[in-house]
Each structure stands twice: as C-alpha cells, then as structure tokens.
Amino acid sequence: MKKVKHSNKNELRAEYKLSDFPGGVVRGKYASRLRQSSNIVVLRPEVAEAFPNEEAVNKALLSLIDVARKTTRLTTGRVKRLRTG
C-alpha cells in the first residue's frame, strides 16, 4: 500500500516565486491606506527615553492638552475683558 502525499494548497510556503502571482507584484500596494487608517506614532529616541511606557506618554500628553486648554481660556477671557473695559 502506497502512502498518499497530502498537499494543502492553502499552506504557506517559505518562499514564493513571481510566477505565483499572475497579476504581478506591487511593492507597497497598501502603504498609503495603512498610513491613513493607522494610529501608530513613532517617537524620536530622545523622547522615548523620557517615558517608561505607553501609559506615561498618554498621561503626559493629556496633561499638556489640559494645560493648553486652560491657558487658552484664560488668555481669551483676559483679552475680551480688556477690550470691553
């Protein structure tokens, strides 16, 4: 009795040949779509060194946003009072 060699057409190969893709291969085909839908932010190395993890980065940025909003409100309010008074 012979052993039947099973080949799974859905199996991933270690390497593919260009002939495996009859329509051709386009490098970076989805790169622009990924850039538009991605929320990954790459920090400069010197910035990354200042933060131990993702939570610390988010906490610092949220604090900065809060300070910016408060400062903007104070500045805007002062300008209005000075103009009307």
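Before reading on, note that the structure itself is shown above.
This is a predicted model, so every value here is computed, not measured.

Trainee: Just checking my understanding: could you explain the overall build of the protein for this structure?
Mentor: Counting its regular elements, the protein contains three helices and zero strands. When the helices and strands of the protein are read in sequence order from the N terminus, they spell out α-α-α. Here the protein holds 85 residues, and the buried ones make up 2% of them. For the protein, the accessible surface area stands at approximately 9,400 Å², while carbon and sulfur atoms represent 56% of it.

Trainee: Quick question: what am I supposed to make of the pattern of salt bridges here?
Mentor: Going through the model one piece at a time under the given rule, you end up with two salt bridges. Measuring nitrogen to oxygen at the nearest pair gives 3.0 Å for the salt bridge that ties Asp20 to Arg13. A salt bridge links Asp66 to Lys70; the nearest nitrogen and oxygen atoms lie 3.2 Å apart. Here Lys70 and Asp66 lie together in helix 3 (residues 54-84), a separation of four residues that amounts to about one turn.

Trainee: Would you explain the packing of aromatic side chains in this entry?
Mentor: Each aromatic ring pair is specified by the distance between its two centres and by the angle formed by the two planes. One pass over the full model with this rule turns up one aromatic pair. Measuring from ring centre to ring centre gives 6.1 Å for Tyr16 and Phe21, while their planes differ by 50°; the resulting arrangement is tilted. A relative accessible area of 39% places Phe21 in the partly exposed class.

Each value, and the rule that gives it
- Residues numbered from 1 in each chain as written.
- Predicted model: local features only at pLDDT ≥ 70, side-chain atom pairs only at ≥ 80, totals over all residues.
- Heavy atoms only, no water.
- Helix = DSSP H or I, 4+ residues; strand = E, 2+ residues; numbered from the N terminus.
- Buried < 20%, exposed > 50% of the residue type's maximum accessible area, 1.4 Å probe, protein only.
- Areas by Shrake-Rupley, 256 points an atom, 1.4 Å probe, with all protein chains shown as cover.
- Salt bridge = Lys/Arg side-chain N within 4 Å of Asp/Glu carboxyl O.
- Phe/Tyr/Trp six-rings, centres within 6.5 Å; stacked < 30°, edge-to-face > 60°.

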